[in-house]
Amino acid sequence: MGQTKRYADRMDLAAMVPINNLSQTGYCLANPGKEYLAFQPGNKGEFTVNLKDAAGTFKVEWLDVYADRVVPGKAVEGGGVRTFTTPFAGPRHCT
């Protein structure tokens, strides 16, 4: 619950809805054009997130749910489908 609370403190989770076809993983909460929270339930690998309807630059970070640590990622531009590569094995969140 602590990990969820930390995201709720930094993101407007109340404004986000499940739009699972935005992420190749099938798991995505989004406030389209503003905030996205994708979950990668599998092991290390690549997946895409559709940011076609989003403009601007998005900060990326990874949550290692097992080690309870956040790892910064490289920012991405909206306006297209973006590919993300998980930086460690196991379930991960990309925000």
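Provided above is the structure to which this section pertains.
Residues numbered from 1 in each chain as written. Predicted model: local features only at pLDDT ≥ 70, side-chain atom pairs only at ≥ 80, totals over all residues. Heavy atoms only, no water.

Asker: Explain the pattern of salt bridges here, please?
Answerer: When their charged atoms lie close together, side chains carrying opposite charge are able to pair. Here the structure, examined in full by the defined rule, presents 5 salt bridges. Among the salt bridges present, the one from Asp9 reaches Lys5, with a minimum N-O distance of 3.0 Å. Of this pair, Asp9 and Lys5 are both found in helix 1 (residues 2-10), 4 residues apart, which corresponds to roughly one turn of the helix. The class of Asp9 is exposed, set by a relative accessible area of 55%. Between Asp68 and Arg6 there is a salt bridge, with its nearest N and O atoms 2.3 Å apart. Taken together, the positions of Asp68 in the loop between strand 6 (61-64) and strand 7 (69-72) and Arg6 in helix 1 put the pair 62 residues apart, joining distant regions of the chain. (Salt bridge = Lys/Arg side-chain N within 4 Å of Asp/Glu carboxyl O. Helix = DSSP H or I, 4+ residues; strand = E, 2+ residues; numbered from the N terminus. Buried < 20%, exposed > 50% of the residue type's maximum accessible area, 1.4 Å probe, protein only.)

Asker: Would you explain the pairing of strand 3 (residues 35-40) in this entry?
Answerer: On any regular strand, side chains alternate: one points to one face of the sheet, the next to the other face. Taking burial as the measure, the 6 residues of strand 3 include 5 buried ones, the bulk of the element. Following strand 2 (residues 28-31), the chain reverses through 3 residues before pairing antiparallel with strand 3; Gly33 in that reversal takes a positive phi of roughly 85°. (Pairing = 2+ DSSP bridges.)

Asker: Help me understand the pairing of strand 2, please; the structure alone is not making it clear to me.
Answerer: Two strands pair when backbone bridges link them, and strand 1 (residues 17-18) and strand 2 are joined in this way by 2 bridges, in the antiparallel orientation. The residue bridging Pro18 from the neighbouring strand is Leu29, located in strand 2. Across 4 bridges, the pairing between strand 2 and strand 3 is antiparallel. Looking across to strand 3, one finds that Leu29 is bridged to Leu37.

Asker: Please explain the side chain of Ser23 as it appears in this structure.
Answerer: Inspection of the secondary structure assignment puts Ser23 in the loop between strand 1 and strand 2. Assessed through its relative accessible area of 4%, Ser23 is described here as buried. A distance of 2.8 Å separates polar atoms of two side chains, one belonging to Ser23 and the other to Thr25. If sequence neighbours within four positions are ignored, Ser23 has contacts with Cys28, Ala38, Phe47, Thr48 and Val49. (Polar contact = N/O pair within 3.5 Å; in protein donor to acceptor, adjacent residues only side chain to side chain. Contact = heavy atoms within 4.5 Å.)

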